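Structural characterization, general
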Amino acid sequence: MGEAPAFVVDDLLQNQDGFGSKSNGCKITTTIGDKTYVIGGENDESTLSLEVQIFDEDTGNWATPIVLGAKPSSCKGLSAVSLNDDRILIVKKGSTPDDCIWFLEVDTRFVREQKKIQGTDVVAWSRGARGYAEKPVVISGPSGVGKGTLISMLMKEFPSMFGFSVSHTTRAPRCMEKDGVHYHFTERSVMEQELKDGKFLEHALVHGNLYGTSIEAVEVVTDTGKRCILDIDVQGARSVKASSLEAIFIFICPPSMEELETRLRSRGTETEEQILKRLQNAKKEMEQGQSSGIFDHILYNDNLDECYESLKKLLGLDGAAAATLRSAPQGIDLPADHSVSKMDNKITINCGTAELKKASKNLIVLDVSSLKGGAPGRTRGLDVYAIDSFSDGLNGINQPS
Ligand SMILES: Nc1nc2c(ncn2[C@@H]2O[C@H](COP(=O)(O)OP(=O)(O)O)[C@@H](O)[C@H]2O)c(=O)[nH]1
Ligand SMILES: Nc1ncnc2c1ncn2[C@@H]1O[C@H](COP(=O)(O)OP(=O)(O)O)[C@@H](O)[C@H]1O
């Protein structure tokens, strides 16, 4: 239980926006069930990010929850809409196109899991993204098959599109590996504590060492607007598949076990003992990779260039499609002066500016009927378009964008 924030609910009651949220400039309250979420900063706009407090109507107590995810920066004002009673859509006024739509998850599967782990109130931020282009890519396969090589090729050819999820591991660094770039190399006791603290999306014991993807590792990538690539083992892929992170799962096979051994030996990074352990584990991984139903695609890495072309093809990066996808994801150009309302799965943002009125596109519609993903990571699938408010309601779409 915490203290009541400097701004109290009573202050906020004065500004009713018609759909369950009450605003007071840079703060907003939204009630879901018996809880009221107070989101925002102090009146002096000195706070760097939006804070969250929870008021429990039943007990009359305030709580300061654990807030997961990168927080949105503070802004000139906020609008909020509760969606499905499990998340709150936040529209930031006067923000940049890629920073104006956020979701505060209060009762999603991810948040419920985290509440169990933490044993206290948890909420999680997730930035809204238009369309589906940013689905993370999980790549698995036995040691030495060429996962790292293929990922490097992808990141070299499409540097602005992909970002690597830097895992934690307790194994020792290889001579060319850099801490924070290839892995976060960590002590076992430290990693075990961080696992207890719920900092990891998934983890596994692989070849005798702990490996894990932290929630932050995924968010660091998604916050830059890039598509996240995870190089993780089959156990990790299984955990991710069961989590709220929706991804494309790809398993890489060697042309033969003999060739796998040749590659592993010629890489020259492991001791004889480690090579034998990895080859032993490779057999199990191959079986699971091909029969577990986890993977959407299986690629054979015989000829490297051919395998790379196949990888690009299944990611939609071959030919003309690649040129389109290389452009930055589109944001939403939201004016500082606007109001928000909700009708079914459509949120309408009334942009009362003279410019937009002149262009007869003074309503922006956010269609949230097909949302995917969410914390940890972005909430994808926002459909955004402009309509003329003088035409026949929401059917009067004149300009899909
Ligand atoms: N579950 C899980 N596996 C990981 C993670 N990071 C790396 N791995 C896997 O751990 C295994 C060993 O990785 P590494 O020691 O770098 O050797 P390599 O596979 O020969 O490159 C590989 O199968 C990786 O895909 C992680 O964060 N989680
Ligand atoms: N198709 C291929 N043919 C021959 N050698 C390959 C091929 N793909 C990768 N390699 C080599 O095999 C070794 C292991 O590749 P690497 O990317 O480190 O595997 P992983 O990350 O799966 O452990 C590296 O020396 C790499 O240059």
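Bear in mind the structure is a predicted one, so any value in this text is a computation, not a measurement.

Calculation notes
- Residues numbered from 1 in each chain as written.
- Chains lettered and ligands numbered in written order.
- Predicted model: local features only at pLDDT ≥ 70, side-chain atom pairs only at ≥ 80, totals over all residues.
- Heavy atoms only, no water.
- Pairing = 2+ DSSP bridges.
- Helix = DSSP H or I, 4+ residues; strand = E, 2+ residues; numbered from the N terminus.
- Axes fitted to C-alpha atoms, helices over the stretch in contact; angles between N-to-C directions.
- Buried < 20%, exposed > 50% of the residue type's maximum accessible area, 1.4 Å probe, protein only.
- Near = heavy atom within 4 Å.
- Polar contact = N/O pair within 3.5 Å; in protein donor to acceptor, adjacent residues only side chain to side chain.
- Areas by Shrake-Rupley, 256 points an atom, 1.4 Å probe, with all protein chains shown as cover.
- Arc of directions from axis to C-beta.
- Contact = heavy atoms within 4.5 Å.
- Phe/Tyr/Trp six-rings, centres within 6.5 Å; stacked < 30°, edge-to-face > 60°.
- Nonpolar A, V, L, I, M, F, W, Y, C, P; charged D, E, K, R; others polar.

Focus on the sheet that holds strand 13 (residues 167-169)
In spatial order, the strands read 14-13-16-15; together these four strands make up an open sheet with mixed pairing. Either end of the sheet is taken by a strand with one partner, and the two such strands are strand 14 (183-185) and strand 15 (200-206). Going across the sheet, the axis of each strand differs from the next one's by a mean of 25 degrees, ignoring polarity. Note that strand 15 and strand 16 (residues 209-214) share six bridges and pair antiparallel. Residue pairing across strands places histidine 203 opposite glycine 212, the latter belonging to strand 16.

Some points on unusual backbone geometry
Cis peptide bonds are those with omega within 30 degrees of zero, and the linkage from alanine 375 to proline 376 qualifies with -5 degrees. Its location among the elements puts proline 376 in the loop between strand 23 (372-373) and strand 24 (379-387). A positive phi angle is found at aspartate 85, which is not glycine, with a value near 60 degrees. On the secondary structure map, aspartate 85 appears in the loop between strand 7 (78-83) and strand 8 (87-92). Positive phi values are uncommon outside glycine, yet aspartate 344 reaches one of about 50 degrees. Residue position: aspartate 344 is located in the loop between strand 20 (339-343) and strand 21 (346-350). According to the relative accessible area criterion, aspartate 344 is exposed, its value standing at 66%.

Looking at the site of ligand 1
For ligand 1, the set of nearby residues contains 21 residues, the closest of which are Ser143, Ser167, Arg171, Tyr183 and Tyr211. Within the side chain of aspartate 231, an N or O atom sits 2.6 Å from an oxygen atom of ligand 1. Between ligand 1 and the protein, one listed contact pairs an oxygen atom with a side-chain N or O atom of arginine 267 at 2.8 Å. Its free accessible area being 570 Å², ligand 1 has 96% of it covered by the protein chains. Listing elements by their share of the shell around ligand 1, those giving two or more residues are strand 15 and strand 16.

Focus on helix 9 (residues 304-314)
Here helix 9 has its buried residues at Cys307, Tyr308, Leu311 and Lys312. Angularly, the buried residues of helix 9 cover 140 degrees about the axis, an arc narrow enough to put them on a single face. In helix 9, the exposed positions angled more than 90 degrees off the buried face are occupied by Asp305, Glu306 and Lys313. If you follow the buried residues of helix 9, they end up packed against strand 11 (137-140), helix 3 (147-157), strand 18 (248-253) and strand 19 (297-300). Regarding helix 9, its N-cap is asparagine 303, as a side-chain oxygen of that residue lies 3.0 Å from the backbone nitrogen of aspartate 305 further along.

Points about the packing of aromatic side chains
Note on aromatic pairs: each is described by the distance of the centres and the angle between the planes. Counted by the stated rule, this structure contains six aromatic pairs. Between the aromatic rings of phenylalanine 158 and phenylalanine 162, the centroid separation amounts to 6.3 Å while the plane-to-plane angle is 75 degrees, which identifies the pairing as edge-to-face. Taken individually, phenylalanine 158 and phenylalanine 162 each receive the classification buried, so the pair is uniform in this respect. One aromatic cluster is present, formed by Tyr183, Phe185 and Tyr211 through successive ring pairs.

Description of the site of ligand 2
By nearness alone, 13 residues border ligand 2, and Gly144, Lys147, Thr149, Arg267 and Asn301 come closest of all. Glycine 146 places a polar main-chain atom, nitrogen or oxygen, 3.0 Å from an oxygen atom of ligand 2. Here asparagine 301 contributes a side-chain N or O atom positioned 2.8 Å from a nitrogen atom of ligand 2. Calculation on ligand 2 without its partners gives an accessible area of 560 Å², and the protein chains cover 73% of this total. Listed by contribution, the elements that provide at least two residues to the shell around ligand 2 are helix 3 and helix 7 (257-267). At three residues, helix 3 tops the list of elements feeding residues into the shell around ligand 2. Within the shell around ligand 2, the residues separate by chemical class into three nonpolar, six polar and four charged.

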